Amino acid sequence: MVNTTRERILAALAASGFLILLLTAIQLGFNYWLHEAERHTRLIALDSAKNLERNVERSLAGAKVLGTYIEVTGGRSDNFEAIADSILHNLQGITNLQLAPDGVIAKIYPLAGNEKAIGHDLLQDDKRRAEARKAIETHKLTLAGPFELVQGGVAIIGRQPVEIEQQFWGFASALIRMDQVMAMSELDQLAAAGYGYKLWRNHPDSGEPQVIAGDRSLTAEILTQATITLPNSTWYLDVAYFKPPKFRAANALALALALLLSLIIGHWVFHLLARPRLLEHQVAVKTDQLQHTNRQLRHERTQLGLFRSAVEQSGNAIVIANSEGVIEYTNPRFQEVTGFSSDEARGRYPSIIKSVFTSPQENSELWQTLKSGNVWRGERRNQRKNGSHYWSLMHIAPIRDEQGSITHYISVSDDITDAKENQLLIEKLAYHDSLTGLANRRYFVDRLEQVVRYSERHQRCSAVLFIDLDRFKAVNDSFGHEVGDSLLVEVANRLLKMTRKSDLCARLGGDEFTVLLTEVDCAQGVYAATEKIIEALRQPLVIDGHDCDVSASIGVSLVGQQHQSAGQVIRQADMALYRAKNAGRDQYRVYQAESDLDASEEPEPH
C-alpha cells in the first residue's frame, strides 16, 4: 500500500514537472518570436528607407545631369529635348525636365499637358521663392514638396542651380511623381507580408507632421522608425508589424492542457482501432503517393518542354557549360549577339568572346567565384566573332546534382551596348570639361575629398596646384576666341605630359586649371613638380600662326600636414595663387598660415 501511494505521488510530481517545463518552453518560444519580429521589422524599415532614399537621389540626378549639360554648353539648350529624352530613358521616376533661365520656366520636356507652366517665374512665386533662393545661395540642388499636382497625384521637384562663369544662369529641374518612386521602392508590397507603413515629414513652414504616403493613423505593438536624408529635407518611415499573436500566460496554460488531453485521448483511441483499418489506411496513402508521383512526372515533362521552348526563344543569350567550362549548349540569341553558331561554340571555352578589356585577374576571380559555388553577376565588354565589341550584363550560376556537386554552369546575358554608351555619354558630360577633355570642377572636388581622407589616415603627402594663365585675356582679345580655345587645349596637353597617371588635371573654367599631385615627397617633391609645370608653360606657343605669349601663376596647398577639409585646401591654394599674382606673375607661392608665415621657409619664387 505504501509503495502504491509513493508511486502515485512520484507520478503526480513528474506530471506537474512536465507541465511546468512545457509552459516555460512555450513562453520562452513566444518571447523569442516577439524579439525576432521586432528585429526583422527594424531591418525592413532600414532597408525600405535606404531603398527609397536611393531611388529619390537617382531621380534627382536627372536635374544635376541636365544642369551640367547647360554649364558645359555655356548656356545653350539647342539639344534640350534629345538630352532630356536620354535622361528620362536612363533614370526612372522622372515625369518631366525643365529649364528656367533667370528663374523663368522656358522649356519643358515632355511639353504636352505642361504648357501652362511656360513663363512661370519661380523667384516671384510665394510658394516656390524660398527653396529657389536657397538653391542659389547654397549653390546646391534643393528639394521642393511633396505637393499635389493639378492633373492629380503627388510630386516632388529637384531644382539644380546652374552657374556659368561663376554667374547664376537659372535652374535645371526634375519633376518626380511620388507614385512612381513608391512603386520603384516596393513599399506597397509590405502589406502582403503583414506590415504597414507611414511616410511623413515635418512641414518646413508649420512644423506639423505631414503624411506623404501610407497609413495616416499607424499604430501597432511592433513599430519602428527609419530616417531618410534628402537635400534640405528629412523624411521618416514608420513600419509596423500587424501579426504578433496575442499570447499570454493564460493562453499558454490552456494550450498546454489541451495538448496533454489530446495526447491521452489519442493514445486511447489508437488502441481501439483495429489493425486492418490501419493497414487499409497505409494502402490508401501509398496509392495516393503513387498517383501524385505520376502527376508530378507528367507535370515535369510538360515543364521541361516549356523550359526548352523558353530558352530557345529567349531574348537573352544563354550558354550552358560543363564543370570544366567547356560549352555544351548555346541558344539562337547567342548566335545573333556574338556571331558564333551552336556548332562553332560547342566544345570550346567561353573565352571565344573574351576581349582585351577583360584582364586575367578579372577572369580568374570570376571562375573562383563560380567554383566556390556562388553566383557571379556583372558587366563585361566582350568581343564578337567579327572582332567588334559589345557590352553584356551577365548572370552566371553553378548547377548542382542531388549530391550537391557542381556539374554545369549556366550563363544568361543581355546585350546592353546602347544603354551603356548612353550612360558613358552622360557620365562624360557630368564629370569632364567639354573643351579640353580634362576633369571638371565636380570631378576634381570629389577626388580631392578622397585624397584628403586618405592622406590624413595614412600620413601621406599630396598637394593641390591652382594654375591661372597670365595674359590670356590679351590673346583672346587680339586673336579671337577660337585661338584662345586652341591655346587652352594645348595647355591641357602640356599639363598631362608633365604629370603622372596617378595625378589629376582639371579645368575649373576660363583659364583656370588645377593639378592634384598624389603621394609626393613633401615638400621638395611638390616644389620640383611645380617648377617643371611653370617651365613647360613658359615655352613658346604658336596657334594658327599666332605667337601667344603666356605664362602661369600657381598657388600651392599641401595636403596631409594638418587636419583639413577639401574646401579648406581649395581656399588655401586660391590664396596662394593670389599672392603669386601680386608678386609679379610667372611664379608660384605655397600657402602658409599667417601666424606661421616665414619668408625664409618658403621657396624662392619662380
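Cut-offs and rules
- Residues numbered from 1 in each chain as written.
- Predicted model: local features only at pLDDT ≥ 70, side-chain atom pairs only at ≥ 80, totals over all residues.
- Heavy atoms only, no water.
- Helix = DSSP H or I, 4+ residues; strand = E, 2+ residues; numbered from the N terminus.
- Contact = heavy atoms within 4.5 Å.
- Areas by Shrake-Rupley, 256 points an atom, 1.4 Å probe, with all protein chains shown as cover.
- Pairing = 2+ DSSP bridges.
- Axes fitted to C-alpha atoms, helices over the stretch in contact; angles between N-to-C directions.
- Core = buried A, V, L, I, M, F, W, Y, C linked by side-chain atoms within 4.5 Å.
- Buried < 20%, exposed > 50% of the residue type's maximum accessible area, 1.4 Å probe, protein only.
- Salt bridge = Lys/Arg side-chain N within 4 Å of Asp/Glu carboxyl O.
- Polar contact = N/O pair within 3.5 Å; in protein donor to acceptor, adjacent residues only side chain to side chain.
- Arc of directions from axis to C-beta.

J.: Tell me about the overall build of the chain, and name the residues and values.
T.: Helix and strand content of the chain: 15 helices and 21 strands. Sequence-distant contacts in the chain: of pairs separated by 6 or more residues, those separated by 24 or more amount to 56%. Here the chain has roughly 34,700 Å² of accessible surface; of this, 53% comes from carbon and sulfur atoms.

J.: Can you break down the sheet that holds strand β6 (residues 195-202) residue by residue, with the values?
T.: As summarised here, the arrangement of the four strands in space is β7-β6-β9-β8, forming an open sheet in which the pairing is antiparallel. Strands at the two margins of the open sheet, each flanked by one partner only, are β7 (209-214) and β8 (222-230). Neighbour-to-neighbour, the strand axes of this sheet turn through a mean angle of 25°, independent of strand direction. Pairing of β6 with β7 involves five bridges; the strand directions are antiparallel. Looking at β7, one finds that L199 is bridged to A213. Packed onto the sheet, helix α4 (residues 178-185) meets β6, β7 and β9 (233-241) and runs at close to 135° relative to β6.

J.: Before we move on, could you go through the nonpolar core and cite the residues and values that matter?
T.: Within the largest apolar cluster, 48 residues are counted, with the highest numbers of intra-cluster contacts made by L66, L199 and W235. Element by element, the count of residues in this core is highest for helix α1 (residues 2-72), at 12 residues. With near-sequence residues (within four places) excluded, W235 lies in contact with L143, P146, I156, M178, L199, W200, R201, I212, A226, T227, I228 and L230. Counting residues in each nonpolar core, the second largest holds 35 residues, with L465, V475, V556 and Y588 among its members.

J.: Can you tell me about the sheet that holds strand β13 (residues 389-400), naming the residues and giving the values?
T.: The sheet built from five strands is open, its strands ordered β11-β10-β14-β13-β12 with antiparallel pairing. Every other strand in the sheet has two partners, leaving β11 (327-330) and β12 (376-383) as the edge strands with one partner each. Across the sheet, the mean angle separating the axes of adjacent strands is 25° when strand polarity is ignored. As judged from the six bridges shared by strand β10 (residues 317-322) and strand β14 (residues 406-415), these two strands associate in the antiparallel manner. Within β14, the residue paired with N322 across the bridge is H408. Across the sheet, helix α9 (residues 360-371) lies against β12, β13 and β14, angled at about 140° from β12, the strand it touches most.

J.: Describe the pattern of salt bridges, with residues and values.
T.: One pass over the structure, following the stated rule, counts 20 salt bridges. The salt bridge partner of R346 is D343, with a shortest N-O separation of 3.0 Å. Using a relative accessible area of 44% as the deciding quantity, one classes R346 as partly exposed. Using a relative accessible area of 61% as the deciding quantity, one classes D343 as exposed. Bridged by salt links that share partners, the residues D468, D470 and K581 form one connected network.

J.: Quick one: what's the story with the environment of S388, residue by residue and with numbers?
T.: If you trace the backbone, S388 turns up in the loop between β12 and β13. In contact with S388, other than residues within four places in its own chain, are N382 and Q383. At 2.7 Å, the side chain of S388 and the side chain of N386 are in polar contact.

J.: With reference to specific residues and values, describe α4.
T.: Taken residue by residue, α4 has M178, V181, M182 and S185 as its buried positions. For α4, the angular spread of buried residues about the axis comes to 100°, placing them on one side. E186 occupies a position one or two residues after α4 and carries a positive phi of about 60°.

J.: Any details on the pairing of β10? Residues and values, ideally.
T.: Burial analysis of β10 places five of its six residues in the buried class, which makes it a mostly covered element. Where β10 and β11 come together, three bridges link them in antiparallel fashion. Residue pairing in the sheet places V319 in a bridge with T330 of β11. What sits between the antiparallel neighbours β10 and β11 is a turn of four residues, in which G325 has the positive phi angle 90°.

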